[in-house]
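# Close look at the chain arrangement
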Amino acid sequence: MGRKHKFDYFGAFEQHSKLAVAESALLVETIEQFTEASALEENTQKAHEIEHEGDTINHKIFKTVATDFITPIDREDIIEMCQALDDIVDDIEDVMLRFYMYDIHFMHDQAIEFAKLIQGSCEALDKAMCDFRNFKKSKNFVHLIVKVHDLEEQADQLYTKVIRDLHVNDYDNPMRVQVWTNLFDSMEACCDACELAADVMNTIMLKNV
């Protein structure tokens with residue numbers, strides 16, 4: 001009888017982190033090519049398809065971790081890593097859906113700057129994930145985790161600036177202030193989600209050194 005093939009949990013994590021990179025690239029593209037909210041429907045559908053791919057990966061992981069006798073790291077850590085990666089993709093999709101649902105009529109100047117911080121966070125996380133299975137030997141893993149934290153701090157600083165600018169410069173347009181405050185809240189949450197995923201990876205590393 002052939003030996004049962006072991007499920008590659010780390011490979012599944014890598015697939016999911018690459019989806020986060022793809023979702024963040026789609027967000028950047030959507031903002032750069034923005035004309036009007038009604039034109040966003042196609043990209044929101046693409047975002048949902050990427051999010052669905054992530055759900056499929058997680059379903060495979062959940063199904064396998066429930067029955068595997070031995071797992072490479074604690075089951076609880078596998079589940080937490082899945083959820084953290086899923087949150088990133090969900091949060092980026094949420095930003096794009098809000099652009100469409102709020103029927104925005106212009107793209108805020110700082111939106112692209114925020115989107116590129118999200119993209120940079122996803123790319124750094126993905127590179128760290130590629131080293132995750134060999135974190136004991138990797139020379140770049142810790143540096144990449146720190147980079148995700150640095151980008152999240154930049155996002156915090158940008159968030160403070162743009163929210164103040166909204167209230168100072170657009171105080172006579174409360175609807176605009178409300179809509180863009182909600183949108184920047186959602187974009188800032190994406191960077192927070194990347195930082196949380198990096199923290200989960202770092203905690204797993206510390207538990208297994």
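Please read all numbers here as calculations on a predicted model, not as lab measurements. (Residues numbered from 1 in each chain as written. Predicted model: local features only at pLDDT ≥ 70, side-chain atom pairs only at ≥ 80, totals over all residues. Heavy atoms only, no water.)

## A closer look at the overall build of the chain
- Within the chain, the secondary structure is distributed over six helices and zero strands.
- Going from the N terminus to the C terminus, the chain shows its helices and strands as α-α-α-α-α-α.
- For 209 residues, the compact-globule estimate of 2.2 N^0.38 gives 17 Å, and the C-alpha radius of gyration of the chain, at 19 Å, lies within 12% of that figure.
- When the backbone C-alpha atoms are referred to their principal axes, the chain occupies close to 70 × 30 × 25 Å.
- Counting all 209 residues of the chain, 48% fall into the buried class.
- With the model as given, the accessible surface of the chain reaches about 11,300 Å², and the carbon-plus-sulfur share is 50%.
- Of the side-chain charges in the chain, 20 are positive and 41 negative, and the distance between the mean point of each set is 11 Å. (Helix = DSSP H or I, 4+ residues; strand = E, 2+ residues; numbered from the N terminus. Rg over C-alpha atoms; globule rule 2.2 N^0.38 Å. Buried < 20%, exposed > 50% of the residue type's maximum accessible area, 1.4 Å probe, protein only. Areas by Shrake-Rupley, 256 points an atom, 1.4 Å probe, with all protein chains shown as cover. Lys, Arg positive; Asp, Glu negative; His and termini not counted. Charge placed at Lys NZ, Arg CZ, Asp CG, Glu CD.)

## Examining the environment of Thr67
- Mapping Thr67 onto the fold places it in the loop between α2 (41-65) and α3 (75-101).
- Linking Thr67 and Tyr171, residues 104 residues apart in sequence, is a C-alpha distance of 57 Å.

## Points about the pattern of salt bridges
- A full pass over the atoms with the stated rule returns ten salt bridges.
- A salt bridge links Arg133 to Glu14; the nearest nitrogen and oxygen atoms lie 3.4 Å apart. With Arg133 in the loop between α4 (111-132) and α5 (141-169) and Glu14 in helix α1 (residues 9-32), this pair connects stretches of sequence that are 119 residues apart.
- A salt bridge links Asp170 to Arg176, with the shortest nitrogen-to-oxygen separation between them at 3.5 Å. (Salt bridge = Lys/Arg side-chain N within 4 Å of Asp/Glu carboxyl O.)

## Comments concerning the nonpolar core
- In terms of nonpolar packing, the biggest core is built from 70 residues, with Phe13, Leu27, Met81, Ile88, Phe99, Phe132 and Trp180 touching the most fellow members.
- Ranked by residues supplied to this core, first place goes to helix α6 (residues 174-208) with 15 residues.
- Phe13 has contacts with Ile61, Ile73, Ile78, Met81, Cys82, Leu85, Met129 and Phe132, leaving out every residue within four places of it along the chain. (Core = buried A, V, L, I, M, F, W, Y, C linked by side-chain atoms within 4.5 Å. Contact = heavy atoms within 4.5 Å.)

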